[in-house]
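# Summary of the model geometry
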Amino acid sequence: MSTLASRGVHILGPDAGEQACGEVGLGRMLQPADIAARVGALFQNTTLTGKRVMITAGPTWEALDPVRGITNHSSGMMGYALAQAAIEVGAAVTLVTGPTHIDQPPRAKTVDVISALDMHAAVMNSIDQQDIFIAVAAVADYRPIDTASEKIKKNAEQMTITMIKNPDILADVANLQKPPFCVGFAAETNDLLDYARGKLERKKLDLIAANHVGGSETGFGTPDNAITLTSQNNVIELPKQNKNALARTLIAEIAKAYTEK
Ligand code: PMT
């Protein structure tokens with residue numbers, strides 16, 4: 001048995017207890033459920049066990065009045081898939097999500113928010129406890145400067161909405177004195193790599209996942225996505241695939257880069 005163990009063979013049991021012959025001690029087979037659990041544990045990927053990962057996901061909603069607002073087509077799928085993939089490799093995940101219509105990953109701690117300001121506050125509230133921050137949310141860059149308390153009436157032929165800039169959540173996190181490992185997303189319709197590299201440097205990120213949006217096959221609201229994952233000295237192309245499969249590869253790459261940092 002020790003030879004097998006020295007060759008890397010995992011040996012389960014024996015269990016201790018009353019034997020068929022009446023003696024008590026080591027020699028019993030493990031209970032089948034126990035065997036199943038231990039085999040399952042051997043196959044579990046524990047790359048991020050003990051690590052805390054915060055992910056933002058979905059759109060934000062910037063209210064104009066009690067019934068109308070400015071938002072975008074983010075479904076939350078990409079962010080939720082990343083949350084699930086991180087959970088599968090052992091991470092404790094906090095998911096800060098704007099309004100979506102999809103099921104939340106069951107084992108994530110989910111914080112529901114509406115606006116960019118809400119999302120900023122929720123992230124800043126516990127970012128100091130996180131090891132890795134992944135900003136997938138499509139956060140509104142601007143919000144209406146005023147929100148009407150009653151429904152706006154259509155009396156005028158024209159109306160002007162004055163907007164004010166929202167805080168950049170990812171940049172604020174990356175600028176903390178002790179920032180977590182920061183991963184941004186860049187949704188671009190053109191010059192993907194150039195804009196992504198610009199954001200990587202300007203926002204002081206460790207990694208940026210650039211995705212082509214604007215077409216009908218990848219990006220906002222689609223089941224598939226394609227990513228160019230970029231760091232200061234590496235570019236990895238992840239071709240079009242289902243967001244769940246893509247999320248597993250992304251989490252593996254993020255965990256690798258985090259460990260090497
Ligand atoms: O939700 P899905 O339908 O699955 O779609 C996924 C997605 C297309 C929304 C996602 O893959 C994606 O690309 N997310 C980033 C969208 C975006 O707004 O990118 P941006 O280039 O505007 O922002 C750059 C980065 O800064 C992002 O990480 C963003 O989360 C972050 N940011 C932006 C503005 C802001 N005020 N605060 C931020 O944290």
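Before any of the text, the structure's been laid out above.
What comes next is a walk through the structure. What you see is a predicted model; the values in this text were computed from it and never measured.

## Points about helix H4 (residues 116-126)
When we look at burial in H4, the residues that qualify are Ala116, Met119, His120, Ala122, Val123 and Ser126. The buried side chains of H4 occupy one side of the element, clustering within an arc of 165° when seen end-on. Looking at the packing, one finds that the buried side of H4 touches strand E3 (52-57), strand E4 (62-65), strand E6 (92-97), strand E7 (109-112), strand E8 (132-135) and helix H5 (169-174).

## With respect to the site of the ligand
For the ligand, the set of nearby residues contains 27 residues, the closest of which are Ser74, Ser75, Ala137, Lys199 and Gly221. A distance of 3.1 Å separates a nitrogen atom of the ligand from a polar backbone atom of Ile169. In the environment of the ligand, an oxygen atom lies 2.7 Å from a nitrogen or oxygen atom belonging to the side chain of Lys243. Contact with the protein chains hides 95% of the accessible area of the ligand, taken as 780 Å² for the molecule alone. Those elements giving two or more residues to the shell around the ligand turn out to be helix H3 (77-88), H5 and strand E11 (181-188). The residue makeup of the shell around the ligand, split by class, is 14 nonpolar, 8 polar and 5 charged.

## Some thoughts on the sheet that holds E11
Spatially, E7-E6-E3-E8-E11-E12-E13-E14 is the arrangement adopted by the 8 strands of the open sheet, whose pairing is mixed. Whereas interior strands pair on both sides, the edge strands pair on one side only; in this sheet they are E7 and strand E14 (234-242). If you compare each strand with its neighbour and ignore which way they point, the axes differ by 15° on average. Of the strand pairs in this sheet, strand E13 (residues 224-231) and E14 are connected by 7 bridges, and their pairing is antiparallel. Opposite Leu229, over in E14, you have Ile236 as the bridge partner. Where H3 meets the sheet, its contacts fall on E3, E6, E8, E11 and E13, and the angle it forms with E6 comes to roughly 170°.

Analysis parameters
- Residues numbered from 1 in each chain as written.
- Predicted model: local features only at pLDDT ≥ 70, side-chain atom pairs only at ≥ 80, totals over all residues.
- Heavy atoms only, no water.
- Buried < 20%, exposed > 50% of the residue type's maximum accessible area, 1.4 Å probe, protein only.
- Helix = DSSP H or I, 4+ residues; strand = E, 2+ residues; numbered from the N terminus.
- Arc of directions from axis to C-beta.
- Contact = heavy atoms within 4.5 Å.
- Near = heavy atom within 4 Å.
- Polar contact = N/O pair within 3.5 Å; in protein donor to acceptor, adjacent residues only side chain to side chain.
- Areas by Shrake-Rupley, 256 points an atom, 1.4 Å probe, with all protein chains shown as cover.
- Nonpolar A, V, L, I, M, F, W, Y, C, P; charged D, E, K, R; others polar.
- Pairing = 2+ DSSP bridges.
- Axes fitted to C-alpha atoms, helices over the stretch in contact; angles between N-to-C directions.

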